[in-house]
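# An overview of the molecular structure
Spelled out, the chains give:
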Amino acid sequence: MTDGKSTPQLEWERSWQKLPRGGSIPVGGTSRAYLTGGWRSSKPVWDASACSHCLLCWVYCPDSAILLDGVKMVGISYDYCKGCGVCVHECPTEGALAMVQDDGPDA
Amino acid sequence: MTAQSERVALTGNEAGALAMRQSRPDVVAGYPITPQTELMQQFAQYVADGASDTELILVESEHSAMSAVVGAAATGVRAMTATSANGLAFMWEMLFIAAGYRLPIVMQLVSRSLGGPLNIHCDHSDAMGARETGWLQFFAENAQEAYDNALMAVRIAEHPEVLLPVMTVQDGFITSHTTQVLETLDDETVSAFVGTYRPTDSLSNLAKPMTYGAIVLPDYYMEVKRQQVEAMDEAPRIVALIEEEYADLTGRRYESLDPYRMDDAESAIVVLGSAAGTGKDAVDLLREQGHAVGLLKVRRFRPFPAEEVAQALSHCSAVGVLDRSLALGAPWGPLASDVASSLMRARANVPMLNYVYGLGGRDITVSDIVGVGSGLMQDASDGPKAAVRYVGVHE
């Protein structure tokens, strides 16, 4: 879902002559292409070596941005993470999650 | 070659309801408000009698009425409603939505004052409040024109090169409740004229999924609005084609302006709606008295026919614009402001005066307009040019 391979292209030519009429979106299933992580000003970073895999971050994340592999945390989807910081706030393990300023496109 | 027509006596509201039934809308949302009530009541009667298979939605407010037709139109069907006064004001938010989404909704407005104080009679305050919401606006002089405008509106709104909502306006009680003799077309002729609405995009076309109503942020919003301006600017070309087609069908020719004895006029009176009829009688009397006065009826108020207005008036030595609404705090009334802008844009320096009349149903008589017309030349040359004058107000 985060690979973006099957998502419709949401970039239009910007000229008013070429935009879809009336601000409509003349294709379907476009919510997948809308990467809400673009709003973020700060982001959580994860240290796999410190993580206890209690999954409290996964439970509390409002955007399903905590990625799991079976029963273990494997990372954070920055496509959808809005940088709310709930995961960091709820994390009981010292050093596993920390908020840092997000200065640009995800590494 | 004109179509099958019948001469019948109808009120403006009945004429409006008949035009609505004959243009076979898929969805109509109705909410009664004086003086429109009779129109929707008559239409509801058609539905109840099985004379119309329209889905009539009886909503609980005008905001809902416009919302319902917006939703219906977005699914790709022909949707209509009608309202008056505070009802139109209550639709305010949804008027922008309808126009912004480029939905070809047709609405009949039976014009009425906006309180307070509460008043149910005619003036154009309601229509003027909606004049920059992105709807085309056509003002009718009488029931015949109300009927004809309502039919042409369907074709104009749904034309693929327009796709804008259209509001047709008739004067509350004056036109809406007066029985007049008019020519109507038979159902088959209207059906053939309005045709079937075939939208290129719609929410119900499952083979081509789409979205109406998505948020459009600063990166695209201004471009979408620019498109809307273009559609408005281009609409008159299509409107003229449809008016031409309607003239071939009925023998009744309509244009954006209806000039009366304007060719050799030294001064002119500009007016909207039913007062044009009174004005034509006044012009005849003025001519008999030796005043070379003409009358310019503005039929298509939005988009405003600025070039045509300037052309029609630029040879005059004085112009008096009659407004049936106030623009509180503005230099002039809405019609006068548009006429002035049109003349200014054409660099035509014509002395202009603005008269406000008929608020809240105050009668406008032939002698009132004769009074305006006979003094126009003198008033324009030496009167206070900036001030709005009031016709028929008790001093």
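Residues numbered from 1 in each chain as written. Chains lettered and ligands numbered in written order. Predicted model: local features only at pLDDT ≥ 70, side-chain atom pairs only at ≥ 80, totals over all residues. Heavy atoms only, no water.

## Description of the overall build of chain B
Rules: Strands are runs of DSSP state E lasting at least 2 residues, helices are runs of H or I lasting at least 4, and numbering of each runs from the N terminus. Only C-alpha atoms enter the radius of gyration; for comparison, a globular chain is expected to reach 2.2 Å times N to the power 0.38, where N is the number of residues. For every residue, the accessible area obtained with a 1.4 Å probe (protein chains only) is divided by the maximum for its type, and the residue is called buried under 20%, exposed over 50%, and partly exposed between those limits. Only heavy atoms enter the contact rule, under which two residues are in contact if any of them lie within 4.5 Å. The positive count covers Lys and Arg only, the negative count covers Asp and Glu only, and His and the chain ends enter neither. Every charge is mapped to an atom, namely NZ of Lys, CZ of Arg, CG of Asp or CD of Glu.
Each helix and strand in chain B was counted, giving twelve helices and 15 strands. Radius of gyration (C-alpha) of chain B: 21 Å, near the 21 Å computed for a compact globule of 395 residues. When the backbone C-alpha atoms are referred to their principal axes, chain B occupies close to 65 × 55 × 45 Å. A buried classification covers 57% of the 395 residues belonging to chain B. Expressed as a percentage of contacts within chain B between residues at least 6 apart in sequence, the contacts between residues at least 24 apart total 80%. One finds the centroid of the 28 positive side-chain charges in chain B at a distance of 4 Å from the centroid of its 50 negative side-chain charges.

## Let's talk about the sheet that holds strand E12 (residues 300-302) of chain B
All names here are of chain B. Let me state the cut-off plainly: At least two bridges found by DSSP between two strands are what make those strands a pair. The axes are straight lines fitted to the C-alpha atoms, using for helices just the contacting stretch, and the angles between their N-to-C directions are given from 0 to 180°.
Pairing within the open sheet is mixed, and its seven strands lie in the order E3-E2-E4-E5-E7-E6-E12. A single partner strand is all that each edge strand has here, and the edge strands are strand E3 (55-58) and E12. When strand polarity is set aside, the average angle formed by the axes of neighbouring strands in this sheet is 20°. In this structure, strand E2 (residues 27-30) lies alongside strand E4 (residues 79-83), joined through three bridges in parallel fashion. Within E4, the residue paired with Ala29 across the bridge is Thr81. Contacting E2, E3, E4, strand E5 (106-111) and strand E7 (166-171), helix H2 (residues 37-48) runs over the sheet at an angle of about 135° to E2.

## Looking at helix H10 (residues 306-313) of chain B
All names here are of chain B. The cut-off we apply is this: By definition, the arc is the one covered by directions from the helix axis to the C-beta atoms.
All buried positions along H10 are accounted for by Ala306, Val309, Ala310, Ala312 and Leu313. All buried residues of H10 project into a common sector of 165° when viewed along the axis, lining one side. H10 presents Glu307 and Gln311 as exposed residues on the side facing more than 90 degrees away from its buried surface. The inward-facing, buried residues of H10 abut strand E9 (257-260), strand E10 (267-271), strand E11 (293-298), strand E13 (318-323) and helix H11 (334-345).

## Here we look at the nonpolar core
Residues and elements named next belong to chain B. Where we set the bar: The nonpolar core is taken to be a set of buried Ala, Val, Leu, Ile, Met, Phe, Trp, Tyr and Cys residues, with the residues joined through side-chain atoms within 4.5 Å.
Met66, Ile105, Trp135, Val270, Leu313, Leu335 and Val339 are the most contacted members of the largest nonpolar core, which has 57 residues in total. Among the elements that line this core, the one with the most residues is helix H3 (residues 62-74), at eight residues. Here Ile105 is in contact with Met66, Val69, Val70, Ala73, Ala79, Ala98, Trp135, Ala157, Pro165 and Val166, once residues within four sequence places are set aside. If you look at the next biggest cluster of nonpolar residues, it comprises 45 residues, including Ala3, Met152, Val166 and Ala235.

## Remarks on the sheet that holds E10(B)
Residues and elements named next belong to chain B. If you walk across this open sheet you meet the six strands as E9-E11-E10-E13-E14-E15, and the pairing is mixed. Edge positions in the sheet fall to E9 and strand E15 (388-390), since each has one partner strand and no second. Taking each pair of neighbouring strands and ignoring which way they run, the sheet shows an average axis angle of 25°. Here strand E14 (residues 352-356) runs beside E15; their pairing, made up of three bridges, is parallel. Bridge pairing links Asn354 to Val388 in E15. Contacts from H11 reach E10, E11, E13 and E14, with the element oriented near 145° to E13.

## What about the packing of aromatic side chains?
Residues and elements named next belong to chain B. Test applied: The rule is short: rings of Phe, Tyr and Trp, with Trp giving its six-membered ring, pair when the centres are within 6.5 Å, and they are stacked under 30 degrees, edge-to-face over 60, tilted in between.
Evaluation of the coordinates by the stated rule reveals five aromatic pairs over all chains. Between the aromatic rings of Tyr101 and Tyr212, the centroid separation amounts to 6.0 Å while the plane-to-plane angle is 35°, which identifies the pairing as tilted. One end of the pair, Tyr101, is in the loop between helix H4 (85-100) and E5; the other, Tyr212, is in the loop between helix H7 (187-194) and helix H8 (221-250), with 111 residues separating them in the sequence. A relative accessible area of 22% places Tyr101 in the partly exposed class. Residue classification places Tyr212 among the buried residues on the basis of a relative accessible area of 17%. Relative to Phe304, the ring of Phe301 has its centre 5.8 Å away and its plane inclined at 85°; by these criteria the two rings are edge-to-face. The class for Phe304 is buried, based on a relative accessible area of 16%. Grouping aromatic residues by their ring pairs yields a cluster made of Phe139, Phe301 and Phe304.

## Re the confidence of the model for chain A
To keep it simple, the criterion reads: As a per-residue quantity, pLDDT reports the predictor's confidence and falls between 0 and 100.
Predicted confidence across chain A gives a mean pLDDT of 87, with 88% of residues reaching 70 or more. With pLDDT under 50 throughout, residues 1-6 of chain A is counted as low confidence; its partners more than four residues away or in other chains account for five contacts.

## Observations concerning the layout of surface pockets
All names here are of chain B. As a reminder of what qualifies: For cavity detection a 1 Å grid was placed over the protein atoms alone, and a set of points counts as a cavity when a 1.4 Å probe fits there but cannot get out; an open set counts as a pocket when protein lies on both sides within 12 Å along at least five of seven lines, with lining residues being those that have an atom within 4 Å of a point. Grid points are joined across faces, edges and corners, and a volume is the space filled by probe spheres set on the points.
The space that makes up the second largest pocket amounts to roughly 580 Å³. Lining the second largest pocket are 24 residues, and of these Met232, Asp233, Arg302, Pro303 and Phe304 sit closest to its centre. Listing elements by their share of the lining of the second largest pocket, those giving two or more residues are H8, E12, H10 and H11. Tallying contributions element by element places H8 first for the lining of the second largest pocket, with six residues.

## Thoughts on the interface of chain B and chain A
Here is the rule: Note: buried area is the sum, over both parts, of the accessible area (probe 1.4 Å) each one loses when the two are combined. Any Lys or Arg side-chain nitrogen located within 4 Å of an Asp or Glu carboxyl oxygen qualifies as a salt bridge. For this analysis, a polar contact is any N or O atom pair within 3.5 Å, provided that within protein one partner can donate a hydrogen and the other can accept it, and provided that sequence-adjacent residues contribute only side-chain to side-chain pairs. Charged residues are taken to be Asp, Glu, Lys and Arg, nonpolar residues to be Ala, Val, Leu, Ile, Met, Phe, Trp, Tyr, Cys and Pro, and polar residues to be all remaining types, Gly included.
Each partner contributes residues to the interface: chain B has 19 residues there, and chain A has 17 residues. Buried surface at the junction of chain B and chain A, summed over both partners, amounts to about 1600 Å²; 58% is from carbon and sulfur atoms. Put simply, chain B and chain A have one salt bridge between them. A salt bridge links Asp201(B) to Arg21(A); the nearest nitrogen and oxygen atoms lie 3.0 Å apart. Our count for the contact surface shared by chain B and chain A stands at eight residue pairs in polar contact (both at pLDDT 80 or more). A total of five residues in the side of chain B that touches chain A trace back to one element, the largest contributor, which is H8(B). Taken together, the residues that form the side of chain B that touches chain A break down as nine nonpolar, four polar and six charged.

## Observations regarding empty space enclosed by the protein
All names here are of chain A. The final tally for this structure, using the stated rule, is four cavities of 30 Å³ or more. The volume enclosed by the largest cavity comes to roughly 90 Å³. As for the largest cavity, its lining consists of 14 residues, and the residues nearest its centre are Cys61, Ala65, Cys81, Cys84 and Cys87. The class makeup of the residues in the lining of the largest cavity is ten nonpolar, two polar and two charged.

## Here we look at the environment of Ala99(B)
All names here are of chain B. For Ala99, the location among the structural elements is in helix H4. On the basis of relative accessible area, Ala99 is assigned to the buried category, the value being 0%. Remark: the alpha-carbon pair of Ala99 and Asp382, spanning 283 residues in sequence, is separated by 43 Å.

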